[in-house]
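What follows is the residue order along each chain.
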Amino acid sequence: MSGHSKWATIKRKKSATDQKRGNLFTKLVKEITIAAKMGGGDPAGNPRLRLAIDTARSNSMPMDNIQRAIKKGTGELEGVSYDEITYEGYGPAGIALIIETATDNKNRTVADLRHIMSRNNGSLGESGSVSWMFHRKGSIEVPGGSATEEQLMEVLLDAGLEDIGGDAEGGYTVTTDVHDLESAKKALEEAGIAYENAKMDLIPENFIELEADDARKVIKLIDALEGNDDIQAVFSNMEISEGAMDSLDE
């Protein structure tokens, strides 16, 4: 098992702030629209759409918004066509970054991306420069108090469990193969274990541990990227040292 991740703690704290951002629904609508366009409007036969709908509902998106996004994706309603483009690059202290975008204007997106990176000590890299060190996985966050590590192992061992990482607040991040994410969610639901933020994630093979000053710089860059409407998700190989956590909390 992974042990305790300090960056997981920061990400969980950040999620509460991220949900208040005005661009959250924009990103969710894009994901639903793209998922429906690629795999059809029936969530029962489209795992990506089902996951996108679950995420939207967990963030209190009205069903009318969800249905409109689906219909725009299937062509039943007129809507914008989005291209999915993934960029790779580096942040402060050599941290590797993968930036997933969904855009109706590639030139605007790459210009905005270069601007954000240059203002925050980052740089774009060539395709393949860092993607080799990341692997697509299913990820589920289990809040502290919902279950013990032993309970999670017992419930998920036959449902695709690959890893369990704990955080400083007593929560866990469960990692599965991408094809087993739905099975893991179902197993948790049947066991009555609360979870949140079930999603597809990019997990690095190895992490770079940072002290407080560098960690702040990377978090500032990631915040700036995530604040852009065209950027759907940002992944990094940053880890935060034990000694840096107290400084970041101050």
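What counts, and where the lines are drawn
Residues numbered from 1 in each chain as written. Predicted model: local features only at pLDDT ≥ 70, side-chain atom pairs only at ≥ 80, totals over all residues. Heavy atoms only, no water. pLDDT = per-residue confidence, 0-100. Helix = DSSP H or I, 4+ residues; strand = E, 2+ residues; numbered from the N terminus. Core = buried A, V, L, I, M, F, W, Y, C linked by side-chain atoms within 4.5 Å. Buried < 20%, exposed > 50% of the residue type's maximum accessible area, 1.4 Å probe, protein only. Contact = heavy atoms within 4.5 Å. Polar contact = N/O pair within 3.5 Å; in protein donor to acceptor, adjacent residues only side chain to side chain.

Trainee: I would appreciate a short explanation of the confidence of the model for the chain in the present structure.
Mentor: Residues shown with low pLDDT carry predicted positions that ought not to be read at fine detail. Across the chain, pLDDT averages 88, with 90% of residues at or above 70. Summarising per-element confidence for the chain, the mean pLDDT is lowest in strand β1 (residues 3-4) (41) and highest in helix α5 (residues 106-119) (97).

Trainee: In this structure, what is going on with the nonpolar core? I would like to understand it.
Mentor: A general feature of soluble globular proteins is that nonpolar side chains tend to end up buried together. One finds I99, L225 and M238 to be the most contacted residues of the largest nonpolar core, which totals 21 residues. For this core, the secondary-structure elements that each account for two or more residues are β3 (96-103), α5, α8 (212-226), β10 (231-236), β11 (238-240) and α9 (242-249). The leading source of residues in this core is α8, at seven residues. The contact partners of L225, leaving out residues within four places of it in the chain, are I99, L113, I116, M117, I231 and V234. One finds V174, A187, L188 and A198 within the second-largest nonpolar core, a separate group that totals 17 residues.

Trainee: What should I look at first to understand the environment of T74 in this one?
Mentor: In this structure, T74 sits in helix α4 (residues 63-74). With a relative accessible area of 35%, T74 lands in the partly exposed category. Apart from residues lying up to four places away in sequence, T74 is in contact with A36, G40 and G41. One polar contact links the side chain of T74 to the main-chain carbonyl oxygen of K71, over a distance of 3.2 Å.

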